[in-house]
Amino acid sequence: MTENLNQADQADTVAAFALPRADCVADSAGGLTFHVTDWVRPGTQAGPDAALVLVRRGAAPGPEDEVRLPLVPTEDGGLQAALPSTVPLPEGRWDVHATLGEAESQRLAPGLNDLRSLVDRRPGPSTSPLAVRIPYPTKHGNLSLRSWRRAPHAEAGELRVEGGGLVVRGRLYRVEHPAQWLADAVAEARFRTEPSRVWTGRLVADGADGAEFSFTLPLAELADGWKGGEEAWDLWLRPAGPDAAPARLARILDDIPDKKEIFTYPAQSVAAPHGAAKAGPYYTVNNDLAVRVESA
């Protein structure tokens with residue numbers, strides 16, 4: 001009997017200190033709805049100041065680095081908060097907290113995510129910044145969000161490494177006239193640590209609405225100045241107008257927050273003045289598209 005009571009006490013203790021969970025539902029516009037369950041203090045009522053609090057990781061405290069969303073009761077006894085796509089959320093990683101308004105906020109644990117609307121997402125025509133928010137569990141078991149906010153945006157699609165070149169296909173978003181923008185634009189590979197080194201190539205616009213593009217990057221040309229070690233080149237689209245903003249190539253329109261270790265591509269051997277090298281595409285920690293040149 002005593003042993004059973006002790007086990008029950010331990011179970012109650014674990015339940016009392018378990019983090020509340022938040023289920024997330026994404027919509028195709030870039031908004032998220034959070035449904036908070038398993039609150040740490042059963043029976044506690046949410047006050048008028050109850051809020052879901054998003055805090056940008058690694059940022060100095062400031063008004064743009066914390067977003068508070070009202071938590072309202074739901075019919076099933078939980079709490080719900082909405083993050084519309086129209087609420088600006090600067091790029092970065094955001095840790096998710098909650099407070100009932102009468103105590104310090106605490107982290108939330110990830111629950112069930114319904115991210116079906118993010119798979120093969122195809123945003124509609126608009127010139128407003130593209131909002132992308134993907135919830136994910138951290139390595140410590142907490143809930144966080146990965147956020148992007150871009151205009152214009154060049155979404156990378158199919159990548160092929162063949163015949164000594166990297167063939168890139170993609171689609172342009174968040175410009176008023178995509179076909180016209182692409183008609184006069186060029187593809188660029190910018191050496192990350194030396195801005196004066198830039199490869200520029202021809203861009204081909206296609207697709208029914210003229211918003212799709214393709215280009216071929218000769219990998220050997222990036223190795224001409226290679227001196228050993230590892231070099232990185234970031235890929236961009238640059239429009240013709242001097243006042244028009246360039247578009248960074250990235251892959252963010254799906255439900256995968258970190259692509260660097262998931263989407264991998266073969267590298268090709270390339271001739272270089274300082275020895276044998278190889279070059280190939282990869283996604284950075286920000287899901288931006290880049291090319292790495294390194295020793296073979």
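Only a predicted model underlies this, so the values are computations on that prediction, with no experimental measurement involved. (Residues numbered from 1 in each chain as written. Predicted model: local features only at pLDDT ≥ 70, side-chain atom pairs only at ≥ 80, totals over all residues. Heavy atoms only, no water.)

Here's the deal with the side chain of Asp234
In plain terms, the rule: Helix and strand assignments come from DSSP, with helices taken as H or I runs of at least 4 residues and strands as E runs of at least 2, each series counted from the N terminus. Counted as a polar contact is a pair of N or O atoms within 3.5 Å, where, for protein atoms, one must be capable of donating a hydrogen and the other of accepting one, and residues adjacent in sequence contribute only when both atoms are in side chains. Whether two residues are in contact is decided by their heavy atoms, any of which lying within 4.5 Å being enough.
If you trace the backbone, Asp234 turns up in strand S18 (residues 231-238). For Asp234, the side chain forms a polar contact with the side chain of Arg192, separated by 2.6 Å. When sequence neighbours within four positions are dropped, the list of residues in contact with Asp234 reads Glu188, Ala189, Arg190, Arg192, Arg248, Leu289 and Ala290.

So, the packing of aromatic side chains
Our working definition: Each aromatic pair joins two rings of Phe, Tyr and Trp (for Trp, the six-membered one) with centres within 6.5 Å, and gets the label stacked for planes under 30 degrees apart, edge-to-face for over 60, and tilted for any other angle. Each residue gets one of three labels from its accessible area relative to the maximum for its type: buried under 20%, exposed over 50%, partly exposed in between, using a 1.4 Å probe on protein chains only.
For the coordinates displayed, the defined rule picks out four aromatic pairs. A ring pair is formed by Phe191 and Trp233, whose centres lie 5.1 Å apart and whose planes are at 50 degrees; its orientation type is tilted. Residue Phe191 is located in strand S14 (residues 186-191), and its partner Trp233 is located in strand S18; the two are separated by 42 residues in the primary sequence. Each member of the pair, Phe191 together with Trp233, is buried. Considering the side-chain rings of Trp199 and Phe215, the 6.5 Å spacing of their centres and the 35 degrees angle between planes classify their relative orientation as tilted. Taken together, the residues span a long stretch of sequence, with Trp199 in strand S15 (residues 198-202) and Phe215 in strand S17 (residues 212-218) at a distance of 16 residues. Assigned by exposure class, Trp199 and Phe215 land together as buried.

Considering the confidence of the model for the protein chain
Put simply, the rule is: The pLDDT value tells you how sure the predictor is about a given residue, anywhere from 0 up to 100.
Chain-level statistics for the protein chain give a pLDDT mean of 88 and a share of 90% at 70 or above. Averaged over each element, pLDDT in the protein chain is lowest for helix H1 (residues 2-17) (40) and highest for strand S19 (residues 247-250) (98). When the criterion is pLDDT under 50, residues 1-17 qualifies, and its contacts beyond four places in sequence or with other chains add up to two contacts.

Concerning the sheet that holds strand S2 (residues 32-37)
Put simply, the test is: When DSSP finds two or more bridges between a pair of strands, those strands are recorded as paired.
Read across the sheet, five strands follow the order S5-S6-S2-S1-S9 without closing on themselves; strand pairing throughout is mixed. Each having just a single partner strand, strand S5 (72-73) and strand S9 (109-114) make up the two edges of the open sheet. In this sheet, S2 lies alongside strand S1 (residues 21-26) in antiparallel orientation, the contact comprising six bridges. The residue bridging Cys24 from the neighbouring strand is Phe34, located in S2.

Considerations on the pairing of strand S6 (residues 79-83)
By the alternation rule, side chains of S6 split into Leu79, Ala81 and Leu83, which are all buried, and Gln80 and Ala82, of which none is buried. Pairing of S2 with S6 involves five bridges; the strand directions are antiparallel. The partner of Thr33 across the bridge, within S6, is Ala82. Here S5 runs beside S6; their pairing, made up of two bridges, is antiparallel. Within the sheet, the bridge partner assigned to Val72 lies in S6 and is Gln80. Connecting the antiparallel pair S5 and S6 is a turn made up of five residues, with Gly77 showing a positive phi of about 90 degrees.

As for the environment of His153
Note on placement: His153 falls in strand S12 (residues 153-162). Given a relative accessible area of 0%, His153 falls into the buried group. In contact with His153, not counting residues within four places along its chain, are Leu130, Arg171, Leu172, Tyr173, Ala247, Arg248, Ala250, Ile252 and Leu253.

Describing the nonpolar core
Let me state the cut-off plainly: Within this scheme, the nonpolar core is defined by two criteria: the residues are buried Ala, Val, Leu, Ile, Met, Phe, Trp, Tyr or Cys, and they are joined through side-chain atoms within 4.5 Å.
Of all hydrophobic cores here, the largest spans 37 residues; its most connected members are Leu166, Phe215, Leu217, Leu235, Leu237, Leu249 and Val291. Here this core gets four residues from one element, more than from any other, and that element is S12. If we skip the residues at most four places from it in the chain, Leu249 touches Ala154, Ala156, Val168, Phe213, Phe215, Leu235, Trp236, Leu237, Asp288 and Leu289.

Brief notes about unusual backbone geometry
The amide bond that connects Ala151 to the next residue, Pro152, takes the cis arrangement and shows omega of -5 degrees. At Arg174, a position not held by glycine, the phi torsion is positive, near 65 degrees. Mapped onto the fold, Arg174 is located in the loop between strand S13 (165-173) and helix H2 (178-183). On the basis of relative accessible area, Arg174 is assigned to the buried category, the value being 14%.

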